[in-house]
Amino acid sequence: MAAVELEWIPETLYNTAISAVVDNYSRSRRDIRSLPENIQFDVYYKLYQQGRLCQLGGEFCELEVFAKVLRASDKRHLLHHCFQALMDHGVKVASVLANSFSRRCSYIAESDAHVKEKAIQFGFVLGGFLSDAGWYGDAEKVFLSCLQLCTLHSEVLHCFRAVECCVRLLHVRNGNCKYHLGEETFKLAQSYMDKLAKHGHQANKAALYGELCALLFAKSHYDEAYRWCIEAMKEITPGLPVKVVVDVLRQASKACVVKREFRKAEQLIKHAVFLAREHFGHKHPKYSDTLLDYGFYLLNVDNICQSVAIYQTALDIRQSVFGGKNIHVATAHEDLAYSSYVHQYSSGKFDNALFHAERAIDIITHILPEDHLLLASSKRVKALILEEIAIDCHNKETEERLLQEAHDLHLSSLQLAKKAFGEFNVQTAKHYGNLGRLYQSMRKFKEAEEMHIKAIQIKEQLLGHEDYEVALSVGHLASLYNYDMNQYEDAERLYLRSIAIGKKLFGEGYSGLEYDYRGLIKLYNSVGNYEKVFEYHNVLSNWNRLRDRQFAVADALEDVNTTPQQTQEVVQAFLLAQSLGPTRPCLG
């Protein structure tokens, strides 16, 4: 991945001077450290460009040197290039820095409050960088050391610092799927909030509530996530850091999506995208974060083609910033893999989707343990793709091999989900449903039926009887009864139920209706009801005409370019709509 070139001013003279220093690196190493941070960084960046990673690693592994490098804040994206190259090279600079900081904190435990405060501030910067770079375990160690320093004093200032530390700690634990520890961190933050309140002080809770929303969303506790996103939105006030505002808007949008509050979700995520682009720029990781959530919204409102384009843009940004084997790049690959799979489902062209799914798994397994929860969703996506490739395969031996590989991936994903979330969870139910589809492809029909029924029961209890996820599983069971078990009455009832939910949520042009309509045409042909066959052929033709018109507009990013509202207007509109009750658009 080519790095962004430095802007040399004046180009030849400054560049020549930097090159001369680098050429004499061994002799001038000590002198380099006394240079202003921007110049010092440019020397190190030249080492990176020349591939002298062992020497660069020796510098960056020293806490004092890296502390100075971090102060060159306008070169942060270039620092990510260097850092990732070192990690890929096998220099464990993230853990070396985290361990060094932890030791330093233990040394200064008896020092005065000013020394500790300075260390905490540096810890926030170091941990923040490691978190932004995706090295969550090392960032967690840094923030835990900061928290330990905060607990050594009972002053109001240290309570404020402890709350801030807990928010950061909760973020990295969410990113690393340590949800149980995340819940404990939230409770600890609340206890510090209570201490502040007793002293007559208030800390803004927007970031904390936003992170709690993210935790609950990850655990599929959608009602609670939605409730806390409302609380987070109430905490958005003028003067709040833009990063906090963007993150709260993103989390609230995702919570609205899973509650099928699409109008609210659209307004929130578009404003988040606009804010991130205007404040951070179109090449910044924070902008890519908003794009991934915008892609999630588009995928869920059935604008699949645009979601693929948005996910690709987000991946391009993350690759340009991080490159290499980085967790942020892996998650972008996975999101693009799934949206590409959905987009190409009817065409059967899954090469691109499979490439991105395998890339995600390769990166995650290189960085994290083989039983890490992040692998569950990547393996699930790859399994879905392999199943479709197998179905279209004309070689029996290859088909069986692909189906068996998909089966192993689905079982592994299911076990990871059950270990993390238990049996009674939407994620676990999704894995049961996926196994049901796979067993149908493997012609194990009774096992398929058992899996689908289990998925439906869990989803209905958690999400209600008219949720999109329920409709998916109902449609899959209908397909099993129709195509393989000749249970036509059951199949008809289930198809009609799936269609009713799909229309209610997404309108007459919803893409998923095609499979239900085609299923009904086959069903009525099988039972000799040709009047219904003719009726549903007409319904399918009308659906095709609607699909041709739907989403014909625009590039989804152009849509964000329209005159933006002020943040407070967006917040007030959301809270007002909330007070008036839920609204769902007709997207057909």
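In the annotation of an unreviewed UniProt entry, the protein is listed under the name Amyloid protein-binding protein 2 and assigned to Perca fluviatilis. Recorded under Subunit (unreviewed entry), the UniProt text for the protein is reproduced unchanged: "Component of a CRL2 E3 ubiquitin-protein ligase complex, also named ECS (Elongin BC-CUL2/5-SOCS-box protein) complex, composed of CUL2, Elongin BC (ELOB and ELOC), RBX1 and substrate-specific adapter APPBP2. Interacts with APP; APP interaction inhibits the E3 ubiquitin-protein ligase activity of the CRL2(APPBP2) complex." Regarding the protein, the UniProt comment filed under Pathway (unreviewed entry) reads as follows: "Protein modification; protein ubiquitination."

**Some thoughts on the overall build of the protein**
Counting secondary structure elements, the protein contains 29 helices and 0 strands. Relative to its length of 588 residues, the protein is compact, with a C-alpha radius of gyration of 26 Å against a globular reference of 25 Å. By residue count, 54% of the 588 residues in the protein fall in the buried class. Put simply, 69% of the contacts in the protein that link residues at least 6 apart link residues at least 24 apart. A distance of 3 Å separates the average location of the 67 positive side-chain charges in the protein from that of its 73 negative side-chain charges.

**Section: the environment of Asn326**
Looking at the secondary structure, you find Asn326 in the loop between helix H17 (304-321) and helix H18 (327-343). Placed 40 residues apart in sequence, Asn326 and His366 show a C-alpha to C-alpha distance of 9.3 Å.

**Concerning the UniProt feature "repeat: TPR" (unreviewed entry) in the protein**
According to UniProt, the "repeat: TPR" (unreviewed entry) feature falls on residues 429-462. The span residues 429-462 shows a helical share of 91% and a strand share of 0%, and its end C-alpha atoms are spaced 10 Å apart.

**Some remarks on the nonpolar core**
Most often, soluble globular proteins have nonpolar side chains that are buried together. By size, the foremost hydrophobic cluster in this structure holds 203 residues, and its most contacted members are Leu56, Phe60, Phe66, Phe83, Leu126, Met233 and Tyr294. Residue contributions to this core peak at 10 residues, all from helix H14 (residues 242-258). With residues up to four places along the chain from it excluded, the contact list for Leu56 reads Tyr44, Leu47, Tyr48, Cys82 and Leu86.

**Section: H14**
Here H14 is 17 residues long and its end C-alpha atoms lie 25 Å apart, about the 24 Å a rise of 1.5 Å per residue gives. Where burial is concerned, most of H14 is hidden: 15 out of the 17 residues are buried. Of the residues one or two after H14, Arg260 is the one with positive phi, at around 60°.

**Regarding the pattern of salt bridges**
Per the counting criterion, the structure on display carries 40 salt bridges. Linking Lys382 and Glu358 is a salt bridge whose minimum nitrogen-to-oxygen distance equals 3.5 Å. Of the two residues, Lys382 is situated in helix H20 (residues 374-391) and Glu358 in helix H19 (residues 351-367); the sequence distance between them amounts to 24 residues. Classification of Lys382 as buried rests on a relative accessible area of 12%. On the accessibility criterion, Glu358 (31% relative accessible area) is partly exposed.

**A word on helix H15 (residues 262-280)**
With 19 residues, H15 should reach 27 Å at 1.5 Å per residue; the first-to-last C-alpha distance of 26 Å fits that figure. Two residues or fewer after H15 comes Gly281, characterised by a positive phi angle close to 100°.

**Quick look at the side chain of Lys286**
Structurally, the position occupied by Lys286 is in helix H16 (residues 285-300). Reaching out from Lys286, the side chain makes a polar contact with the side chain of Asp247 at a distance of 2.9 Å. If sequence neighbours within four positions are ignored, Lys286 has contacts with Lys243, Val246, Asp247, Arg250, Ala276 and Phe280.

**A closer look at the environment of Tyr45**
Tracing the chain through its elements places Tyr45 in helix H3 (residues 37-49). Of the residues examined, Tyr45 reaches a relative accessible area of 0% and is grouped as buried. For the pair formed by Tyr45 and Thr237, sequence separation is 192 residues and the distance between their alpha carbons is 39 Å.

**As for the domain arrangement of the protein**
As far as domains go, the protein holds domain 1 (11-213), domain 2 (214-301) and domain 3 (463-547). Averaged C-alpha coordinates put domain 2 and domain 3 at centres separated by 33 Å. Of the residues lining the interface, 6 residues belong to domain 2; the matching set on domain 3 comes to 5 residues. Around 400 Å² of area is buried between domain 2 and domain 3 when both sides are counted, 66% of it from carbon and sulfur atoms. At the boundary of domain 2 and domain 3, one finds 1 salt bridge. Between Arg260 and Asp467 there is a salt bridge, with the nearest N and O atoms lying 3.8 Å from each other. Where domain 2 packs against domain 3, one counts 0 residue pairs in polar contact (both at pLDDT 80 or more). When its residues are assigned to classes, the side of domain 2 that touches domain 3 shows 4 nonpolar, 1 polar and 1 charged.

**Examining the packing of aromatic side chains**
What the rule picks out here adds up to 23 aromatic pairs. Residues Phe60 and Phe66 carry aromatic rings whose centres are separated by 5.4 Å and whose planes lie at 75° to one another, so their mutual orientation is edge-to-face. As far as the burial class goes, Phe60 and Phe66 line up, both buried. When the centroid spacing of 5.7 Å and the interplanar angle of 50° are considered together, the rings of Phe217 and Tyr222 count as tilted. Judged by its relative accessible area of 14%, Phe217 falls in the buried class. Among the aromatic side chains, those forming a connected cluster through ring pairs are Tyr44, Phe60, Phe66, Phe83 and Phe129. One residue, Lys264, lies across the ring of Phe574, its end atom 6.0 Å from the ring centre. If you follow Lys522 out to its NZ or CZ, it ends over the ring of Tyr483, 5.4 Å from the centre.

**Quick notes on the confidence of the model for the protein**
For the protein, per-residue confidence averages 90 on the pLDDT scale, and 95% of positions sit at 70 or higher. Counting contacts from residues 582-588, a segment whose pLDDT is below 50, to residues more than four positions away or on other chains yields 24 contacts.

**A look at unusual backbone geometry**
Phi is positive for Ser220, which is not a glycine, with a value near 65°. On the basis of relative accessible area, Ser220 is assigned to the buried category, the value being 8%. Within the chain, Asp302 stands out as a residue other than glycine whose phi angle is a positive 75°. With respect to the element layout, Asp302 can be found in the loop between H16 and H17. Classification of Asp302 by relative accessible area gives buried; the value is 4%.

Rules of the game
Residues numbered from 1 in each chain as written. Predicted model: local features only at pLDDT ≥ 70, side-chain atom pairs only at ≥ 80, totals over all residues. Heavy atoms only, no water. UniProt positions renumbered as here; feature names shortened; annotations may be inferred. Helix = DSSP H or I, 4+ residues; strand = E, 2+ residues; numbered from the N terminus. Rg over C-alpha atoms; globule rule 2.2 N^0.38 Å. Buried < 20%, exposed > 50% of the residue type's maximum accessible area, 1.4 Å probe, protein only. Contact = heavy atoms within 4.5 Å. Lys, Arg positive; Asp, Glu negative; His and termini not counted. Charge placed at Lys NZ, Arg CZ, Asp CG, Glu CD. Core = buried A, V, L, I, M, F, W, Y, C linked by side-chain atoms within 4.5 Å. Expected span 1.5 Å × (residues − 1). Salt bridge = Lys/Arg side-chain N within 4 Å of Asp/Glu carboxyl O. Polar contact = N/O pair within 3.5 Å; in protein donor to acceptor, adjacent residues only side chain to side chain. Domains from an automatic or database assignment. Buried area = accessible area lost by both parts, 1.4 Å probe. Nonpolar A, V, L, I, M, F, W, Y, C, P; charged D, E, K, R; others polar. Phe/Tyr/Trp six-rings, centres within 6.5 Å; stacked < 30°, edge-to-face > 60°. Lys NZ or Arg CZ within 6 Å of the ring centre and 35° of its normal. pLDDT = per-residue confidence, 0-100.

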